[in-house]
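Results of the structural survey
One letter stands for each residue in the lines below.
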Amino acid sequence: KNEVEQSPQNLTAQEGEFITINCSYSVGISALHWLQQHPGGGIVSLFMLSSGKKKHGRLIATINIQEKHSSLHITASHPRDSAVYICAVSTNNDMRFGAGTRLTVKP
Amino acid sequence: KAGVTQTPRYLIKTRGQQVTLSCSPISGHRSVSWYQQTPGQGLQFLFEYFSETQRNKGNFPGRFSGRQFSNSRSEMNVSTLELGDSALYLCASSISVRSDTQYFGPGTRLTVL
């Protein structure tokens, strides 16, 4: 079983919809990261969380340390949000990644 | 500030050869981490360097090695290439530790024939 699980694997939404991507982990962590990867490979770090909630524009990320769960929300989704979203956790020894959620937002 | 740069961007090698990839972090960043991304395994942690010292290494064979220089630039080397080493190799830099926000380079796409 992967130590970092994401759901859903694939998500198709209409422009304007509210989107939620979930991440559960089973190891001790020092931080959780949400990453965005566009076709072509470039990765951008969206959030780094160790507790609570962060907001940046239309993106919101939350983490519940006790439940070992994090969510990434996108409000008012737009076709330019189409990308793969990856949850990653920093442990004492390494960084572990979820398999990613492929999001397609249709106009 | 310039972002993380990686050279070369694309590389084709044959089995048995060795390869060296380079990563220049954002100015002022002292931590550099390397990752391998393949369609089958996804993203996997290779190693992390801080102030010229390897702090951690992922579950990869000894053919994979790296180093960091005094200016924080880093190189990774893969010897005796295998077909399965074909992947996108990404480096990321952060200010001090891996749990800080990571800034990724564009990657080096290695193809082993």
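Data block above holds the structure.
To start, this report covers the structure provided alongside it. The structure presented is a predicted model; accordingly, all values stated were derived computationally and were not measured.

This part takes up the overall build of chain A. Looking only at helices and strands, one finds zero helices and eleven strands in chain A. The linear arrangement of helices and strands in chain A, starting from the amino end, is β-β-β-β-β-β-β-β-β-β-β. For chain A, whose C-alpha radius of gyration is 13 Å, the value lies close to the compact-globule estimate of 13 Å for 107 residues. Its C-alpha atoms give chain A principal-axis dimensions of about 40 × 25 × 20 Å. A buried classification covers 47% of the 107 residues belonging to chain A. Taking contacts inside chain A between residues at least 6 apart in sequence as the whole, the part at least 24 apart equals 54%. When the accessible area of chain A is evaluated, it comes to approximately 5,200 Å², of which 48% is carbon and sulfur surface. Looking at charge distribution, chain A has the averaged site of its 10 positive side-chain charges lying 5 Å from that of its 7 negative ones.

On to the environment of A:Ala83. Assignment of secondary structure puts A:Ala83 in strand S9 (residues 83–90). Once residues lying within four places of it in the same chain are set aside, the contact partners of A:Ala83 are A:Gln36, A:Gln37, A:His38, A:Thr101, A:Arg102 and A:Leu103.

With the rule as written, the count across this model stands at eight salt bridges over all chains. Taken together, the salt bridges that share partners define one network made up of A:Glu3, A:Asp94 and A:Arg96.

Residues and elements named next belong to chain A. Spatial ordering of the open sheet is given by S1-S3-S8-S7-S6, a layout of five strands whose pairing is antiparallel. A single partner strand is all that each edge strand has here, and the edge strands are strand S1 (4–7) and strand S6 (52–56). Direction aside, the axes of adjacent strands within the sheet are offset by 15 degrees on average.

The subject of this paragraph is the sheet that holds strand S7 (residues 64–68) of chain B. Hydrogen bonds between backbone groups are what pair the strands of a sheet, and the pairing can be parallel or antiparallel. Residues and elements named next belong to chain B. Spatially, the four strands line up as an open sheet ordered S1-S3-S8-S7, and their pairing is antiparallel. Each edge of the open sheet is held by one strand with a lone partner, namely strand S1 (5–7) and S7. For this sheet, the mean inter-axis angle between neighbouring strands, taken without regard to orientation, is 20 degrees. As paired elements, S7 and strand S8 (residues 74–78) share five bridges and run antiparallel to each other. Bridged to arginine 67 within S8 is glutamate 75.

Before going further, it helps to examine the interface of chain B and chain A. Counting from both sides, the interface comprises 14 residues of chain B and, opposite them, 17 residues of chain A. Buried surface at the junction of chain B and chain A, summed over both partners, amounts to about 1,300 Å²; 59% is from carbon and sulfur atoms. On inspection of chain B and its partner chain A, the count reaches zero salt bridges. Joining chain B to chain A, the criterion identifies one residue pair in polar contact (both at pLDDT 80 or more). Elements with a minimum of two residues in the side of chain B that touches chain A: strand S4 (31–38), strand S5 (42–50) and strand S9 (87–94) of chain B. Counting residues per element, the side of chain B that touches chain A draws most heavily on S5(B), which supplies three residues. Of the residues that constitute the side of chain B that touches chain A, the class distribution is six nonpolar, six polar and two charged.

Time to look at the state of the cysteines. Summed over all chains, the structure comprises two disulfides over all chains. A disulfide bridge connects A:Cys23 with A:Cys87, and the sulfur atoms are separated by 2.0 Å. Residues A:Cys23 and A:Cys87 are joined by a disulfide whose S-S torsion is about -60 degrees; by sign, that bridge is left-handed. Taken as a pair, A:Cys23 in strand S3 (residues 19–25) and A:Cys87 in strand S9 lie far apart in primary sequence, 64 residues in all. Accessibility expressed as a relative area gives 0% for A:Cys23, which makes it buried. Residue class for A:Cys87 comes out buried when judged on its relative accessible area of 0%. Each sulfur of the disulfide joining B:Cys23 and B:Cys91 lies 1.9 Å from the other. Sign of the S-S torsion, about 70 degrees for the bond between B:Cys23 and B:Cys91, identifies this disulfide as right-handed. With B:Cys23 in strand S3 (residues 19–24) and B:Cys91 in strand S9, this pair connects stretches of sequence that are 68 residues apart. Pair check on accessibility: B:Cys23 and B:Cys91 agree, each one buried.

Reading the values: rules and limits
- Residues numbered from 1 in each chain as written.
- Chains lettered and ligands numbered in written order.
- Predicted model: local features only at pLDDT ≥ 70, side-chain atom pairs only at ≥ 80, totals over all residues.
- Heavy atoms only, no water.
- Helix = DSSP H or I, 4+ residues; strand = E, 2+ residues; numbered from the N terminus.
- Rg over C-alpha atoms; globule rule 2.2 N^0.38 Å.
- Buried < 20%, exposed > 50% of the residue type's maximum accessible area, 1.4 Å probe, protein only.
- Contact = heavy atoms within 4.5 Å.
- Areas by Shrake-Rupley, 256 points an atom, 1.4 Å probe, with all protein chains shown as cover.
- Lys, Arg positive; Asp, Glu negative; His and termini not counted.
- Charge placed at Lys NZ, Arg CZ, Asp CG, Glu CD.
- Salt bridge = Lys/Arg side-chain N within 4 Å of Asp/Glu carboxyl O.
- Pairing = 2+ DSSP bridges.
- Axes fitted to C-alpha atoms, helices over the stretch in contact; angles between N-to-C directions.
- Buried area = accessible area lost by both parts, 1.4 Å probe.
- Polar contact = N/O pair within 3.5 Å; in protein donor to acceptor, adjacent residues only side chain to side chain.
- Nonpolar A, V, L, I, M, F, W, Y, C, P; charged D, E, K, R; others polar.
- Disulfide = S-S within 2.5 Å.

By themselves these figures say nothing about function.
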